[in-house]
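Topology and contacts: notes
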Amino acid sequence: MPVLPYALLTAVVGGLTVTAVRSQRSAIKLNNRSWSELVEELHFVDSRGLILVARDYLDPRKGQIDLQPEEIWTLLGGDQGLRTMLRNADRLIALAAFAQQWNLDESVIVAERMRRDGMRLRKAVRRVQIGMWSQVFTGRHWVEVPFQLQEAASSYYLMRQRLLALYETSHAGLYPQLAKAV
Amino acid sequence: MKPNAVDNLFWALGLLGGVVLTAVLLLKGRWRKFPAFTALAALPVLVTLILLPRGSSRHTDWYADIYRVYYTLDFLLQIALVFELARVVLRPTGTWVRDARRQFILSGSAGVLLAVMLTYMVVPPAPDRAEVLEMRANLFTSLLVCELVITVSLASNRLGLGWRNHVMAIGQGFTAWAVVATVVDSVHSYFGTTRLYDAADYVEFSVYLGAMAYWTVQLWREEPARQPISPELRKFIIALHERVQYDLGEAER
């Protein structure tokens, strides 16, 4: 009897079993998380720098090209800042989804809009990372990086604003704590 | 092969479980939200009711034909159930959550390819070709269903979509059973009909009975009610929805 097909089958079935257990556990965890647990999981993002970069991109005014790429990079906290935004993005969506228990399908719309921002954020950060790696190996600047940085900042900013607006209206009591966390 | 006492016990428990589960789904009106799941629960009961009066003629061609149709329908309903779970979880507003459909189709297609490849490579030891084909078909269906249901679960987790109680219960029971069925069919494909055949089947059926009991209890219970939305928030969300279109347009420029 040939060994390879059965070794492959065992590996696939083992992988499926482990994945099934993990995915079910995280689904349960996702459903059981409390509001404060979700807020506590948010990491610090320098909102001043974020707002500056995002507004410069979303709401252009006189001198709109004054912000230099290096400045944008620093304002967003560099590589660490981008990673934090990515980690926080999932939690922001979870916080929006959390509001489903109060307002049925409508909060799903907000969560869905934030999810779209999240996709854009992930895509932009991925491109920035590719650009940075390319720069390390080829020594050439990737012209797309500054644009993607602004894209990432504006996506995260929109997610943040949407969430704050949702809670400001629906849960004024929770709003100050959330505003402080994000 | 004549069924033994354990076979009969499992058969009776399966029939009883199927009747109770189907009754709960119909009486509590859950069939409206989960039609494929209801059909999947009712199908073995229906088949048993058709075949029961002809118990002595079990080995006729007619009996085999009914079972072939049953297994085909069962497979199709399992696939339909995966899509039902996807519809409830990944399309909460009636349209697919952004990126969920693409992810589901990509992972699903990869799952089909993997299942085809593995089924093609594995040749179970069995005395005749029909049994080899049957074991391969079972392996293919269990691999495919298992991969698809895991895909739905992974996609919903990644997108931060919560599962409400009923769909969560169906998903959990179905995943547990799909995983065990895949393990059992893999064991069958290795040992063929020579070793562990009945024992592995009993394990799979025990898990299925457990899942049926779990579904019955969970689907009998009501889901916790959601708090009603205030008119103020409703207005706000509609306004936000419109504003978001503008913001996204700006961001995409």
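Let me begin by describing the structure that accompanies this report. (Residues numbered from 1 in each chain as written. Chains lettered and ligands numbered in written order. Predicted model: local features only at pLDDT ≥ 70, side-chain atom pairs only at ≥ 80, totals over all residues. Heavy atoms only, no water.)

On to the overall build of chain B, then. If you tally the helices and strands in chain B, you get eight helices and zero strands. Relative to its full complement of 253 residues, chain B shows a buried share of 46%. Long-range pairs, those at least 24 residues apart, make up 75% of the contacts in chain B with a sequence separation of at least 6. On chain B, roughly 13,300 Å² of surface is accessible, and the fraction owed to carbon and sulfur atoms is 65%. (Helix = DSSP H or I, 4+ residues; strand = E, 2+ residues; numbered from the N terminus. Buried < 20%, exposed > 50% of the residue type's maximum accessible area, 1.4 Å probe, protein only. Contact = heavy atoms within 4.5 Å. Areas by Shrake-Rupley, 256 points an atom, 1.4 Å probe, with all protein chains shown as cover.)

Helix and strand counts for chain A come out as eight helices and zero strands. Buried residues in chain A amount to 49% of all 182 residues. Residue pairs at least 24 apart in sequence account for 72% of intrachain contacts in chain A once pairs closer than 6 positions are excluded. Of the roughly 9,300 Å² that chain A leaves accessible, carbon and sulfur atoms contribute 57%.

As a further point, take the pattern of salt bridges. As enumerated under the stated definition, the model contains eight salt bridges over all chains in all. Between Asp117(A) and Arg162(A) there is a salt bridge, with its nearest N and O atoms 2.7 Å apart. Taken together, the positions of Asp117(A) in helix α6 (residues 100–138) and Arg162(A) in helix α7 (residues 144–170) put the pair 45 residues apart, joining distant regions of the chain. Accessibility expressed as a relative area gives 0% for Asp117(A), which makes it buried. Of the residues examined, Arg162(A) reaches a relative accessible area of 1% and is grouped as buried. Taking the shortest distance from any N to any O, the salt bridge between Arg68(B) and Asp65(B) comes out at 3.0 Å. Note that Arg68(B) and Asp65(B) are positioned in helix α3 (residues 61–90) at a spacing of three residues, about one turn of the helix. According to the relative accessible area criterion, Asp65(B) is partly exposed, its value standing at 39%. (Salt bridge = Lys/Arg side-chain N within 4 Å of Asp/Glu carboxyl O.)

Residues Trp133(A), Val136(A) and Phe137(A) make up a contiguous nonpolar surface patch of roughly 420 Å² in combined accessible area. Its location among the elements puts Val136(A) in helix α6. (Patch = residues over 30% accessible without salt bridge, like charges linked within 9 Å, V, L, I, M, F, W, Y side chains within 5 Å.)

Taken as a class, soluble globular proteins show a tendency for nonpolar side chains to be buried jointly. Ranked by size, the top nonpolar core spans 59 residues in total, and within it Phe37(B), Leu143(B), Phe174(B) and Trp215(B) carry the most contacts. Residue assignment for this core shows that the elements contributing at least two residues are α1 (3–32) of chain A together with α1 (5–27), α2 (35–51), α3, α4 (100–121), α5 (129–158), α6 (165–191) and α7 (197–220) of chain B. Here this core takes 11 residues from α3(B), the largest share from any one element. Contact partners of Leu143(B), with chain neighbours within four places excluded, come to Leu9(A), Val12(A), Val13(A), Leu16(A), Ala115(B), Leu118(B) and Thr182(B). (Core = buried A, V, L, I, M, F, W, Y, C linked by side-chain atoms within 4.5 Å.)

All names here are of chain B. Mapped onto the fold, phenylalanine 174 is located in helix α6. For the pair phenylalanine 174 and glutamine 78, spaced 96 residues apart in the sequence, the C-alpha separation amounts to 9.2 Å. Excluding residues within four positions of it along the chain, phenylalanine 174 makes contact with Gln78, Leu81, Val82, Leu85, Val145, Val149 and Trp215.

Residues and elements named next belong to chain B. Under the definition given, this model contains 14 aromatic pairs over all chains. On the numbers, 5.2 Å between centres and 55° between planes, the contact of tyrosine 70 with tyrosine 71 is tilted. Owing to a relative accessible area of 13%, tyrosine 70 belongs among the buried residues under this scheme. Grouping aromatic residues by their ring pairs yields a cluster made of Phe10, Phe37, Phe174, Trp177, Tyr202, Phe205, Tyr208 and Trp215. (Phe/Tyr/Trp six-rings, centres within 6.5 Å; stacked < 30°, edge-to-face > 60°.)

Here we take up the packing of α4(B) against α5(B). Residue and element names in this part refer to chain B. Viewed as axis vectors pointing N to C, α4 and α5 meet at an angle of 155°, and their least axial separation amounts to 9 Å. Our classification of the angle between α4 and α5 gives roughly antiparallel. Here α4 and α5 pass one another in a crossing that is right-handed. Here Gln103, Phe104, Ser107, Gly108, Gly111, Val112, Leu114, Ala115, Val116, Leu118, Thr119 and Tyr120 of α4 come into contact with α5, specifically with Arg136, Phe140, Leu143, Leu144, Glu147, Leu148, Thr151, Val152, Ala155 and Arg158. Across the contact of α4 with α5, the residue classes break down as 13 nonpolar, six polar and three charged. (Axes fitted to C-alpha atoms, helices over the stretch in contact; angles between N-to-C directions. Parallel < 35°, antiparallel > 145°, perpendicular 65-115°, else oblique. Left-handed = near helix turned anticlockwise from the far one by under 90°. Nonpolar A, V, L, I, M, F, W, Y, C, P; charged D, E, K, R; others polar.)

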